[in-house]
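Residue-level listing of the chains:
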Amino acid sequence: MRTRSVRHPASALAALLLAAALALTGCSAGDDASGGSRSAADHGADDKAVSGEAAPGGAGSGAKATAPPKLAASHIIRTASLTVQVKDVPKALDQARTGVENAGGYVGNETTTRDAEGHERTRVVLRVPVEKYDGVLAELEGSGKLLDRSAKAEDVTDQVVDVESRIKTQRASVARIRELMDQATKLSDVVTLEGELSTRQADLEALLARQKSLKDRTSLATITLSLSETPVKKEAKDDDPGFVDALAGGWNAFVTMLRWLAVAFGAVLPFAAVAALIVLLWVRVVRPRLPRRPGPAPATTALGPLPTARPAPESSQPRTPGERD
């Protein structure tokens, strides 16, 4: 009986400890769950805050929606040169004129030639607005067989800005001179100011003319169109000359030398003819008419002329020892 009384309290104590452990475990799990929900809520609030900054209508969206600053307008001079082979030059030229006029441009200088076979070749300068430049160029290229094409673009923005600045400064300078002329009272001051005003106005007019030229060249592109009915012949290039080339070169040099000799002879011939004529006149006309000089007179003495020496007779000549009487 004592044994049973001892075993029941031990099992009751173990059950009590198990219940307390379970209770503590449930409390800790609840605390963890509530803490996790709070952290999730905090993260959600942070995400909402971030999305609110980047959302449309927020402070961040206002900063990003600011328009970028405008860039300065560029001033470019565009030029192009085309060589096109066509079947009918007058017809192709009329089409080019019509296309340029429809684009708002005009036709400038025009030159037309005809070769020995009757084929026409025309060179014309076309001015078209810059915004229609590419379209007109493509249309001209498609009018026939394109043989040659070159295009060039030159940026003159710096020149345009510089000219505009100088014009503004020069106008202000002219205005100041005119104000001084209104206030001048002496005639000498008025004369000096008038000379200065004339100089500055001339400089201003030169700047305005340059500005006008730049505006014309940047607003209108220049296209030089060459139309021909026959292809342009190009000489074949041979970097390695042969015997025939050397022979041709020698013959050309020989012919060139003969040509120069003929030129030199032609240049000297008039002077040689005049000199020969003078010599002929001297020998045939002038010299025979000149008085002849007298010959030397024989020497004389008071008694008469000196006898001339005569050769000695043969007998009076001395003999050699080998000769006999």
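Residues numbered from 1 in each chain as written. Predicted model: local features only at pLDDT ≥ 70, side-chain atom pairs only at ≥ 80, totals over all residues. Heavy atoms only, no water.

**Q** Go over the overall build of the chain, please, and point to the residues and values.
**A** Regarding its fold elements, the chain presents 7 helices and 5 strands. Per-residue burial for the chain yields a buried fraction of 16% across its 325 residues. In the chain, the share of contacts with a sequence separation of at least 24, taken over all contacts with a separation of at least 6, comes to 76%. Carbon and sulfur atoms provide 59% of the accessible area of the chain, an area that totals close to 25,900 Å². (Helix = DSSP H or I, 4+ residues; strand = E, 2+ residues; numbered from the N terminus. Buried < 20%, exposed > 50% of the residue type's maximum accessible area, 1.4 Å probe, protein only. Contact = heavy atoms within 4.5 Å. Areas by Shrake-Rupley, 256 points an atom, 1.4 Å probe, with all protein chains shown as cover.)

**Q** How would you sum up helix 5 (residues 157-183)? Please name residues and give values.
**A** If you check helix 5, its first and last C-alpha atoms are 40 Å apart, about what 27 residues at 1.5 Å a residue would give, namely 39 Å. Every buried residue belonging to helix 5 is among Thr-157, Val-160, Val-163, Ile-167, Gln-170, Ser-173, Val-174 and Ile-177, and all of these are buried. Of the surrounding elements, those touching the buried residues of helix 5 are strand 4 (145-155) and helix 6 (187-219). (Expected span 1.5 Å × (residues − 1).)

**Q** Explain the pattern of salt bridges to me, and be specific about the residues and the numbers.
**A** Considering all chains together, one arrives at 7 salt bridges under this definition. A salt bridge links Arg-97 to Glu-110; the shortest N-O distance between them is 2.5 Å. Here Arg-97, found in helix 3 (residues 89-102), pairs with Glu-110, found in strand 2 (residues 106-114); they are 13 residues apart in sequence, far enough to count as distant. Arg-127 is the partner of Asp-216 in a salt bridge, and the nearest nitrogen-oxygen pair spans 3.3 Å. Of this pair, Asp-216 sits in helix 6 while Arg-127 sits in strand 3 (residues 120-129), and the two are 89 residues apart along the sequence. Note on Arg-127: relative accessible area 11%, which makes it buried. What you see here is one network of salt bridges that share partners, running through Asp-94, Arg-97 and Glu-110. (Salt bridge = Lys/Arg side-chain N within 4 Å of Asp/Glu carboxyl O.)

**Q** Lay out the packing of helix 5 against helix 6 with the relevant residues and their values.
**A** Between helix 5 and helix 6, the least distance of the axes is 9 Å, while the angle of their chain directions is 155°. The angle between helix 5 and helix 6 falls in the class roughly antiparallel. For helix 5 against helix 6, the interelement crossing comes out left-handed. (Axes fitted to C-alpha atoms, helices over the stretch in contact; angles between N-to-C directions. Parallel < 35°, antiparallel > 145°, perpendicular 65-115°, else oblique. Left-handed = near helix turned anticlockwise from the far one by under 90°.)

**Q** Can you lay out the sheet that holds strand 4 for me, pointing to particular residues and giving the numbers?
**A** The strand order across the open sheet built from 5 strands is 2-3-5-1-4, with neighbouring strands paired in mixed fashion. Edge strands, defined here as strands with exactly one partner in the open sheet, are strand 2 and strand 4. Strand after strand, the sheet turns through a mean of 10° between neighbouring axes, direction not considered. Pairing of strand 1 (residues 76-85) with strand 5 (residues 220-228), which is carried by 7 bridges, proceeds in the parallel orientation. Within strand 5, the position partnered with Leu-82 by the bridge is Leu-225. Sitting on the sheet, helix 4 (residues 133-141) touches strand 1, strand 3, strand 4 and strand 5, and the angle it makes with strand 1 is about 10°. Lying on the sheet, helix 6 is in contact with strand 1, strand 3, strand 4 and strand 5; it crosses strand 5 at an angle near 55°. (Pairing = 2+ DSSP bridges.)

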